[in-house]
Amino acid sequence: MQAKKQVFPYEIDETSYNRFEQKFNMIYRRLWDKSLPTYGKMFEYNIDKHINSGEDGYSRIDFALVAAGWTVYEKFPFAFTWRREDLMDIGYGVNWMRKKYRISDLKTFTAKVKKAAKFYGASLVGVANVDTKWIYKSGFIRPAATSETDSKEAIRKGDAPVSILETPIELPEGMDKVIVMAIEMDQVAISTAPAQPASAAAAVGYSKMAFAIACLGEFIRNLGYRAVQCGNDTALSIPLAIDAGLGALGRNGLLLTPEYGPRVRICKVFTDMPLITDDINLSFIEKVKEVCRTCYKCADACETGAITKEIDPTFEPASISNNSCVRKYYVDVEKCFDFWIENSGDCGNCIAACPFSKIQSFSTSSEFWK
Ligand code: SF4
Ligand code: SF4
């Protein structure tokens, strides 16, 4: 097995860098940080006002589409599991699953694992060695075989102590590879941003993530190896995706892929399976650096000024919710989240506006429904 090592192509202040603590993510911070105007608020805030407004893209049908799009992500108890407690006999027997599959040709084997990832729904897939810098220092760990909805019920109600978000996170020993998957979001729906069909595209993207990681995790276990299935949890998805050759970091703070720009959701499966890693896409990273210096389309599209108009990336974070000590364009996610709450859903303006998203034509929400 080769041990390929590539230098991460972004400048990091290694002496000051600390692994990110998930409680600083805005989705969690709004639960405990009383200094935020969004403290205690979530998308339901304003929702009746929107539904009654008659505004295109904010009807009850639009919101029904969004909320239902989350179904698999929210309700499927096996989506984010770290292990298989017992071999489940679903009619194929289990004995053949116990031994490690003997890999005769690593290149062919890696290609088959990637094929499986795409078969289960990934639009793009890459493999990287695990860099522990990107693993959260601490965060929320879902109880085994418990859905997102059930595991976060108390947290979302504000009934759980902050300490539930501060569990130290360490991957099991030997999980040294990560398979990173990007899932394309619907082009027409995203083009309606910030209206609700764009939020629905994100919601369905999350459910597709849950499906893809669950199936890929089981595929890996059926071959006798271990798998840790993750959405946004456990580790920072964007640097892992960059390590896996999927793209570059844009001014909008998102992963830009050559194929779909930022119009993707990212999920990942950590494993102890031997796999050939992908090269970082250095030429695309250079291209994005050049384009972002003079483009500003995402910053112009952002209704709250959350995206910086600095010409060059800096080491200056916008708030404690940024993963700092990396030279990049920092997004003011506090301002971004203010708009999400106002909008009763996520936004997507900075995804739709990015030329790398390759949106052919922009639709209204009414046109989306035709
Ligand atoms: S999601 Fe919307 S509010 Fe947030 S940074 Fe992008 S454009 Fe701005
Ligand atoms: S819209 Fe322009 S500046 Fe923003 S991320 Fe895309 S290419 Fe970069």
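Scroll up a little and you will see the structure.
Residues numbered from 1 in each chain as written. Chains lettered and ligands numbered in written order. Predicted model: local features only at pLDDT ≥ 70, side-chain atom pairs only at ≥ 80, totals over all residues.

Novice: Is there a simple way to think about the overall build of the chain in this case?
Specialist: Helices and strands together make up the secondary structure of the chain, namely 16 helices and eight strands. The globule rule puts the C-alpha radius of gyration for 370 residues at 21 Å, and the 20 Å found for the chain is close to it. With the principal axes as the frame, the chain shows a C-alpha extent of 60 × 45 × 45 Å. Of all 370 residues assigned to the chain, the portion counted as buried reaches 44%. Contacts in the chain between residues at least 24 apart in sequence constitute 80% of all its contacts with a sequence separation of at least 6. (Helix = DSSP H or I, 4+ residues; strand = E, 2+ residues; numbered from the N terminus. Rg over C-alpha atoms; globule rule 2.2 N^0.38 Å. Buried ≥ 20, exposed ≤ 12 C-beta atoms within 10 Å, placed from the backbone. Contact = placed C-beta atoms within 7 Å.)

Novice: Honestly, the site of ligand 1 in this entry has me stumped. Any pointers?
Specialist: Residues in contact with ligand 1, as listed here, are Asn252, Ala301, Cys302, Thr304, Ala306, Ile307, Val331, Cys336, Phe339, Cys347, Asn349 and Cys350. Among the elements of the structure, α14 (333-343) and α15 (349-352) are those that each provide at least two residues to the shell around ligand 1. In the shell around ligand 1, the residues fall into nine nonpolar, three polar and no charged. (Near = placed C-beta within 6 Å. Nonpolar A, V, L, I, M, F, W, Y, C, P; charged D, E, K, R; others polar.)

Novice: Sorry if this is basic, but what is going on with the site of ligand 2 here?
Specialist: The local shell around ligand 2 holds 13 residues, among which Gly250, Cys292, Cys295, Cys298 and Cys354 are the closest. Tallied by class, residues from the shell around ligand 2 come to nine nonpolar, two polar and two charged.

Novice: Looking at this structure, I do not really get unusual backbone geometry. What am I missing?
Specialist: Glycine aside, residues mostly have negative phi, and peptide bonds are mostly found in the trans state. Note that the residue after Ala193, namely Pro194, is joined by a cis bond; omega there is 10°. Residue position: Pro194 is located in the loop between α9 (187-191) and α10 (196-222). Residues other than glycine seldom take positive phi values, yet Ala145 does so here, at roughly 50°. You can see Ala145 is positioned in the loop between β2 (138-139) and α7 (148-151). Residue Ala145 is classed as partly exposed on the basis of its C-beta count, with 14 C-beta atoms lying within 10 Å. You will see that Ser344, though not glycine, has its phi angle at about 55°, which is positive. Tracing the backbone shows Ser344 in the loop between α14 and α15. Ser344 gets classed as buried once you count the C-beta atoms within 10 Å, which come to 21.

Novice: Before we go on, may I ask you to explain the pairing of strand β4 (residues 177-184) in this structure?
Specialist: On any regular strand, side chains alternate: one points to one face of the sheet, the next to the other face. With seven of eight residues buried, β4 is to be regarded as a mostly interior element. Bridge count for strand β1 (residues 124-129) against β4 is six bridges, and the pairing is antiparallel. For Gly126, the partnering residue across the bridge sits in β4 and is Val180. In terms of strand pairing, β4 meets strand β8 (residues 264-271) through eight bridges, oriented antiparallel. Note on β8: the bridge partner recorded for Ile183 is Arg265. (Pairing = 2+ DSSP bridges.)

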